[in-house]
Amino acid sequence: MAINHLAPPTGHMADNVIGFARALRAAGLPVGPGSVIDALDALQLIEVGHRGDFYATLEAIFVKRHEHALIFRQAFELFFRAAEEWKSMLDSVPLPDHARKKPPPASRRVQEAMAQPARSEERPQAQEQELKLSVSDKEVLQKKDFAQMTAAEIAEVTREIAKMRLPQAELVTRRYQPDARGLRLDMRRTVRNSLRTGGEIIDIRKLGRIEKPAPIVALLDISGSMSEYTRLFLHFLHAITDARKRVSVFLFGTRLTNVTRALRARDPDEALASCSSSVEDWAGGTRIATSLHSFNQLWARRVLGQGAIVLLISDGLEREADAKLAFEMDRLHRSCRRLIWLNPLLRYSGFEAKAQGIKMMLPHVDELRPVHNLTSIKGLIGALSSPPPAHHRSLIRSVA
């Protein structure tokens, strides 16, 4: 049956739909002009006064991926709640069940995205000044300590971290695959191809080693002195987890918690909220030896195979530093291919390993690196993308 196309919506309806699409785009959803036109056309075929139908129609047009539904739901609530001329019409009928759930942690990003137009209209001169200072501000932000940043600076750093990636091929395996630049002769394929030319070997086939990303295992200290650094480093781990599937993440304070599955959520805010809710000792005390013992006993054989790289993020300020800590560190070091200790205390130029816990841990790590700003995280990416330096032991001795 043919559908009679009515005139497209005009007035407040069209303005609100276009404004809503802009808010979704600012929040990170891929909403283009074509989607807006489709939405305006679809609204002709429904009862606009029915809020549930209105929500379902826009969701069907604007939401292309499952993880975008969370952001869409929160943006819909915020945008149309603020539109007074729509309030009486849209509040008459409740939303669908899946739209009445608790707002996701990503709602803060949606609120900031919807507030951007208002700020830009109110302070055009301030925006020009920010553009002039943007280059120098970014340079300062690269070296600024995470613990000294404002909320706005942390948000900017989080966006920068989300763009970071690690090269894929790092670990050369024992297996071979067809490779035109390989160094090993593929006799079977070479002889098989020679049958086409009467036994004359014209096309020589070769094999090369298979390269794949080395597994990364991160052990993050969530004690009070480390919580801010750990939270931002979780953003980095979330960013690299998108491209690398073999990333295991554990949080420890007074106990060890595996948050690998929680960190695999597509939305970073959802992932970090899930990590926070799964631990009970965030910003509490520190028991490094006990946590390492739990990891070595329960998880080492599962996640440290195939040349895994271990990232230990901690300041090393252990309350119960004794021979047990040294034993567990030595066991961890022997179980992995490379153990990198990331310590925010290295931000101090006069850092010395005077604490007993640090003295116990230092002899059992391959590299000791800082992890307090964007520059240090980029340095870590460079270290993970290249073979371990030959002088890393001397660097460790220099701070001992």
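Up top is the structure.
Let us look at the structure shown here. (Residues numbered from 1 in each chain as written. Predicted model: local features only at pLDDT ≥ 70, side-chain atom pairs only at ≥ 80, totals over all residues. Heavy atoms only, no water.)

Examining the overall build of the chain
Counting its regular elements, the chain contains 17 helices and nine strands. The proportion of buried residues among the 400 residues of the chain is 45%. Intrachain contacts of the chain at a sequence separation of at least 6 include 77% that bridge at least 24 residues. (Helix = DSSP H or I, 4+ residues; strand = E, 2+ residues; numbered from the N terminus. Buried < 20%, exposed > 50% of the residue type's maximum accessible area, 1.4 Å probe, protein only. Contact = heavy atoms within 4.5 Å.)

A word on the side chain of Thr260
Turning to its location among the elements, Thr260 is positioned in the loop between β6 (256-258) and α11 (268-278). Looking at Thr260, its side chain comes within polar contact range of the side chain of Asn258, at 2.7 Å. Residues in contact with Thr260, not counting those within four places in the same chain, are Val247, Ser248 and Val249. (Polar contact = N/O pair within 3.5 Å; in protein donor to acceptor, adjacent residues only side chain to side chain.)

Observations concerning the nonpolar core
In a soluble, globular protein the nonpolar side chains are often hidden away together inside. Among the nonpolar cores identified, the biggest contains 43 residues, and Leu220, Phe233, Leu234, Phe236, Leu237 and Leu311 are the most heavily contacted of them. Secondary-structure elements contributing two or more residues to this core are α8 (151-162), β4 (216-221), α10 (227-243), β5 (247-252), α11, β7 (309-313), β8 (338-342) and α16 (374-384). A total of seven residues in this core trace back to one element, the largest contributor, which is α10. Excluding residues that lie within four positions of it along the chain, Leu237 makes contacts with Ala218, Leu220, Val249 and Leu263. Formed by 29 residues, the second largest nonpolar core is a distinct cluster that contains Leu312, Leu325, Leu339 and Phe351. (Core = buried A, V, L, I, M, F, W, Y, C linked by side-chain atoms within 4.5 Å.)

Some points on unusual backbone geometry
With a phi close to 60°, Gln306 is a non-glycine residue in the positive phi region. When you line up the elements, Gln306 lands in the loop between α13 (300-303) and β7.

Digging into the sheet that holds strand β3 (residues 206-212)
Here we have three strands laid out as an open sheet, ordered β1-β3-β2, and antiparallel in their pairing. Strands at the two margins of the open sheet, each flanked by one partner only, are β1 (171-178) and β2 (184-185). Two elements, β1 and β3, share five bridges in a ladder whose sense is antiparallel. Note that in β3 the partner of Leu171 across the bridge is Lys212. (Pairing = 2+ DSSP bridges.)

Here we look at the pairing of β8
Regular strands place their side chains on alternate faces of the sheet. Most of β8 sits inside the fold, with five of its five residues counted as buried. Across the two faces of β8 the burial is the same, with Arg338, Ile340 and Leu342 and Leu339 and Trp341 all buried. The pairing of β7 with β8 spans five bridges and is parallel. Residue pairing across strands places Ile309 opposite Arg338, the latter belonging to β8. Here three bridges tie β8 to strand β9 (residues 367-369), and the two strands are oriented parallel to one another. Looking at β9, one finds that Trp341 is bridged to Leu368. One crossover worth recording links β8 to the parallel β9 by way of helix α15 (residues 356-361), and it is right-handed. (Right-handed = clockwise from strand over helix to strand, strands pointing away.)

A look at the sheet that holds β5
If you trace the six strands from one edge of the open sheet to the other, you get β6-β5-β4-β7-β8-β9, paired in mixed fashion. Every other strand in the sheet has two partners, leaving β6 and β9 as the edge strands with one partner each. Sheet twist, expressed as the mean angle between neighbouring strand axes with direction ignored, is 20°. As paired strands, β5 and β6 are joined by three bridges and run antiparallel to one another. Residue Phe252 lies in a different strand from β6, and its bridge partner there is Leu256. (Axes fitted to C-alpha atoms, helices over the stretch in contact; angles between N-to-C directions.)

Some points on the pattern of salt bridges
The final tally for this structure, using the stated rule, is eight salt bridges. Residue Lys163 is joined to Glu160 by a salt bridge in which the shortest nitrogen-to-oxygen separation is 3.9 Å. Looking at Lys163, the relative accessible area reads 60%, which means it is exposed. Classification of Glu160 as partly exposed rests on a relative accessible area of 21%. Across the salt bridge formed by Glu367 and Arg369, the nearest N and O atoms sit 3.4 Å from each other. With relative accessibility at 4%, the residue Glu367 sits in the buried group. Where salt bridges share partners, they join Arg338, Glu367 and Arg369 into one cluster. (Salt bridge = Lys/Arg side-chain N within 4 Å of Asp/Glu carboxyl O.)

Points about the environment of Leu380
Locating Leu380 in the fold gives a position in helix α16. Its relative accessible area of 1% is what places Leu380 among the buried residues. Placed 214 residues apart in sequence, Leu380 and Leu166 show a C-alpha to C-alpha distance of 9.9 Å. The residues touching Leu380, leaving out its near neighbours within four places in the chain, are Phe233, Phe236, Leu311, Ile340, Leu342 and Arg369.

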